[in-house]
Amino acid sequence: MIMRALIISLLSIGTIAAPAAVSAADEPIQPIEAAKPKNENMVELGKMLFFDPRLSKSGFISCNSCHNLSMGGTDNLQTSVGHNWQQGPINSPTVLNSSMNLAQFWDGRAKNLKEQAGGPIANPGEMAFTHELAVDVLRSIPQYRARFKQLFGSDQINIDMVTDAIAAFEETLVTPDSRFDKWLKGDKQALNQTEVEGYKLFKEVGCTSCHNGAAVGGASFQKFGVHEPYKTASKAEGRFGVTGKDADRFMFKVPTLRNVELTYPYFHDGAAATLEEAVNTMGRLQLGHKFTKEENAKIVAFLKTLTGKQPQFTLPVLPPSTNETPRPKPFG
Ligand code: HEC
Ligand code: HEC
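Residues numbered from 1 in each chain as written. Chains lettered and ligands numbered in written order. Predicted model: local features only at pLDDT ≥ 70, side-chain atom pairs only at ≥ 80, totals over all residues.

S.K.: Give me the nonpolar core: which residues, what numbers.
M.R.: Among the nonpolar cores identified, the biggest contains 30 residues, and Phe 202, Leu 275, Ala 278, Val 279, Ile 299, Leu 303 and Leu 306 are the most heavily contacted of them. Element by element, the count of residues in this core is highest for helix α9 (residues 193-205), at five residues. Non-local contacts of Phe 202, meaning those with residues more than four positions away in its chain, are made with Cys 207, Thr 208, Ile 299 and Phe 302. One finds Ala 134, Tyr 144, Ala 165 and Ile 166 within the second-largest nonpolar core, a separate group that totals 27 residues. (Core = buried A, V, L, I, M, F, W, Y, C linked by C-beta atoms within 7 Å. Buried ≥ 20, exposed ≤ 12 C-beta atoms within 10 Å, placed from the backbone. Helix = DSSP H or I, 4+ residues; strand = E, 2+ residues; numbered from the N terminus. Contact = placed C-beta atoms within 7 Å.)

Below you can see the structure in the form of C-alpha cells.
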C-alpha cells in the first residue's frame, strides 16, 4: 500500500506540468472557515467570563488556566491541575475548533459547548465553585449586570445565560488559514514535498478513516487500541462511562488534529510527550502499521501544517469586584 503511495507520488512529480486540479471537495479533510459571530456583544461577554477567575472558588482559576489561548487552547500538562493543586485525572483537550466536535469531553458526555461550560465551574477537581456562588459573584458587579441586561433583557443573571455567553465565545475560537488549508484551496506552494508526502501517507495508511472532516477529527468515537490494547495507568474508560455498554469500553472521541503541534502532550492520559511518539502509537495500535523513521517524520511534518491562524482579540479588562462580591478562597 505504501509502495503504491510512493509510486503514485513519484508519478505525480512527473505530471506537474498538467495538474488535474484536485478539488478540495474530493479530499477527506476540508478547510476551516472563519467564524461569523452572530452577536458580537454576546461573544465579548463570553470572552470576559472565559477569562474571569472569579468563577472559581479560589478566585484564581479561569477557563483560560487550563485552556490557555496563548498555548493552543490547552495547558500543555499531562493532566490538568485543579483547585488546591489537585492532580486532574485526564488531559485537557483544546478549546480551539471545539464547536466542530460531535460532542464534548473525551467520552462525549456533554452534547454541546453550552452543556459543557457549566461543568468545570462546579467540578470540585477543577474550579470547585457552585453555579449559585458563581452567579452571586456576577450579580454583585454592576458592569456585569448591565451587560447581561442588555443581552438577555434581565439582570437576574442565571447559569444558563453564563453558559450561553461562554459557548458563543468558544464558537469564535476557530483556526482557519493553516498552510494545509491554503494548499487545499489551491496554493500548491504552501506545502513542501515532505509535507505533501506526509499527507499522502496519512491518507494511504488509513489515518483519515478516523481523522477527517474540517477538524481532522472530532466526528466520531473510536476504540483506542484496535490492533493491540493501549497500556495506561489512567482509569478513564471512554464512552463506557457514559453508556455502560461493554462495546463502548475504551471508545474515545477522536481528537481534532488541528493545531496538534501546539497541543502536546497527547492522548487522554497525556502519556505521549511528542508528536513522533503519538504517531508511532497510532500507527501500531490503530492500524497495525509500524512506521519507519522517515515515514514518521513525513507524517509529523504534515501534521505541523495544520496549525492555523490563532484567535486574535483584545484581552478583556474585567470589571472590579465590589464590597458585596463574595471573597475568593484560594486555600482550602
Ligand atoms: C482545571 C482545569 C480546567 C478548567 C479550569 C476548565 N477546563 Fe475545560 N477541560 C479540562 C479537562 C481536563 C477536560 C477534559 C475532561 C474530560 O474529557 O473528561 C476539559 C474539557 C473541556 C472541553 C471539551 C473539549 C473537547 O474536545 O471535548 C471544553 C469545550 C472545555 N473544557 C471548556 C472549558 C470552559 C468553557 C471552562 C470554564 C468555564 C473550562 N473548560 C475550565 C480542564 C479544565
Ligand atoms: C480507528 C480510528 C483511528 C485511526 C485509524 C487513527 N486514529 Fe489517531 N486517534 C484516534 C483516537 C480515538 C484518539 C484518541 C485516543 C485517546 O487518547 O483516547 C486518537 C489520537 C490521536 C493523536 C493525539 C491527539 C491528541 O490531541 O491527543 C494523534 C496525534 C493521532 N491520533 C494521529 C493519528 C495518525 C497519524 C494516524 C494514522 C497513522 C491515526 N491517528 C489513526 C483514532 C484513530
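S.K.: So what about the site of ligand 1? Which residues, and what values?
M.R.: For ligand 1, the set of nearby residues contains 25 residues, the closest of which are Cys 63, Cys 66, Phe 105, Trp 106 and Pro 120. Listed by contribution, the elements that provide at least two residues to the shell around ligand 1 are α3 (63-66) and α4 (113-122). (Near = placed C-beta within 6 Å.)

S.K.: Got a sec to walk through the packing of helix α11 (residues 275-287) against helix α12 (residues 293-303)? Specific residues and values, please.
M.R.: In contact at an axis separation of 10 Å, α11 and α12 are set at 115 degrees when each is read in the N-to-C sense. Of the possible angle classes, the one that applies to α11 and α12 is roughly perpendicular. The way α11 lies across α12 gives a crossing that is right-handed. Across the interface between the two elements, Leu 275, Glu 276, Val 279 and Asn 280 of α11 pack against Asn 296, Ile 299, Val 300 and Leu 303 of α12. (Axes fitted to C-alpha atoms, helices over the stretch in contact; angles between N-to-C directions. Parallel < 35°, antiparallel > 145°, perpendicular 65-115°, else oblique. Left-handed = near helix turned anticlockwise from the far one by under 90°.)

S.K.: Please set out the site of ligand 2 residue by residue, giving values where relevant.
M.R.: The environment of ligand 2 is formed by 26 residues, the closest being Cys 207, Cys 210, Phe 252, Phe 267 and Met 282. Elements with a minimum of two residues in the shell around ligand 2: α9 and α11. Of the residues forming the shell around ligand 2, the biggest block, six residues, is contributed by α11. Its residues assigned to classes, the shell around ligand 2 shows 18 nonpolar, eight polar and no charged. (Nonpolar A, V, L, I, M, F, W, Y, C, P; charged D, E, K, R; others polar.)

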